[in-house]
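Given next are the chains, with one letter for each unit.
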Amino acid sequence: GCVFHVMAREPEPGAAPENLTWLVWGRRAFHRAEVQSAVDDLKAISWKRFHHNFLRFNTTPANLDWFDDHASVLINAELAAWVAKEGKARGILLDVEQYEGGLFRFAKQRDASTRSFEDYANQARKRGQEVVSAFQRGYPGLTVFLTFGPSLPLTQRKEGTVPLKDCEYGLLLPFLDGMIAAAEGGTRIVDGHELSYGWTDPTRFALAARTIKGQALQDTSNPARSAAVISAGFGLWLDYDWRNKGWNETDPTRNHFTPISFEASLNAALKAADQYVWIYTETPRWWTPGGETAHLPAAYVEAIRRARATVGRPPR
């Protein structure tokens with residue numbers, strides 16, 4: 001499958017499109033008429049190989065404080081989930097990376113000088129419950145695929161030596177705790193574990209899977225329920241750190257991941273994950289408007305095919 005964006009358009013002819021993905025966590029509320037053309041496009045596709053698609057939902061532009069009115073965010077969450085359902089996707093890719101603002105960093109909050117971390121944590125937990133409830137109204141029993149799950153705050157806490165209020169993603173944990181508490185009717189939440197983007201040591205994945213399903217959930221309000229809802233996944237960045245290391249198409253041995261090392265990491269990730277492993281790229285393109293790949297050496301494609309075949313998952 002793939003992760004996709006949706007362009008929203010005002011019904012009036014000639015209106016400029018807006019990227020729904022990047023505008024959903026703000027004061028702008030979108031409505032069905034603005035995304036109907038995207039839904040029509042999705043419905044027109046005869047899906048033959050891609051059965052695990054996700055609509056990306058960013059926590060941007062993040063121009064709201066947790067104590068502000070979040071009605072627009074909840075409208076957008078329900079709408080996005082509806083689009084995913086109508087488009088026969090598996091659910092929502094909830095990208096919690098702080099591209100704009102510091103949504104999950106306590107020190108960046110508007111009232112951090114007058115409200116305690118506990119105040120904000122309680123409010124973030126409430127918003128987590130509201131957001132997943134909105135997703136479920138639009139798409140009952142969906143999958144919410146997180147770029148970062150509870151394993152990120154655990155890592156930033158450094159075995160409890162750093163308090164959550166001082167962590168860059170300290171408010172992510174209560175937000176996710178609220179999501180877990182409100183998940184119902186078959187809804188599942190995947191910790192996509194973007195932390196593994198550059199891992200070249202295959203032995204790390206099995207250990208991380210145990211952490212995702214165990215230690216990372218101990219700080220949630222109900223660890224047993226969290227373990228039942230959270231699924232362990234992994235992310236790999238094929239052209240990892242290409243801005244500093246470059247991306248060499250003619251000599252892949254000069255890249256962070258060689259085809260051989262990428263196959264080994266992907267193989268280990270697939271074996272350790274409950275279901276999902278995702279691959280991120282910036283320079284390589286799996287397809288272009290002409291239907292061809294671009295900047296993607298064939299050796300990497302073959303490495304992915306071999307890794308999937310090893311764990312009994314035929315290429316899709």
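As the structure is a prediction and not an experimental result, all values here were calculated from the model.

Caption draft 1: Expanded view of the pairing of strand β6 (residues 143-146). Here β6 shows a buried face lined by T143 and F145 and a second buried face lined by V144 and L146. Across 4 bridges, the pairing between strand β5 (residues 91-95) and β6 is parallel. Bridge pairing links G91 to T143 in β6. Taken together, the 4 bridges between β6 and strand β7 (residues 188-191) define a ladder with parallel strand orientation. Paired with F145 across the bridge in β7 is V190.

Caption draft 2: The side chain of S231, seen in detail. Structurally, S231 can be placed in strand β8 (residues 230-232). We classify S231 as buried; its relative accessible area is 3%. The residues contacting S231, other than those within four sequence positions of it, are R188, I189, V190, D191, K213, D274 and Q275.

Caption draft 3: View of the nonpolar core. If you look at the biggest cluster of nonpolar residues, it comprises 83 residues, and the most contacted ones within it are L94, F135, F175 and F234. Sorting elements by how many residues they give to this core places helix α3 (residues 71-86) first, with 9 residues. Non-local contacts of F175, meaning those with residues more than four positions away in its chain, are made with W25, W66, L94, F104, A124, R125, R127, G128 and V131. Formed by 8 residues, the second largest nonpolar core is a distinct cluster that contains F54, L93, F145 and W237.

Calculation criteria
- Residues numbered from 1 in each chain as written.
- Predicted model: local features only at pLDDT ≥ 70, side-chain atom pairs only at ≥ 80, totals over all residues.
- Heavy atoms only, no water.
- Buried < 20%, exposed > 50% of the residue type's maximum accessible area, 1.4 Å probe, protein only.
- Helix = DSSP H or I, 4+ residues; strand = E, 2+ residues; numbered from the N terminus.
- Pairing = 2+ DSSP bridges.
- Contact = heavy atoms within 4.5 Å.
- Core = buried A, V, L, I, M, F, W, Y, C linked by side-chain atoms within 4.5 Å.

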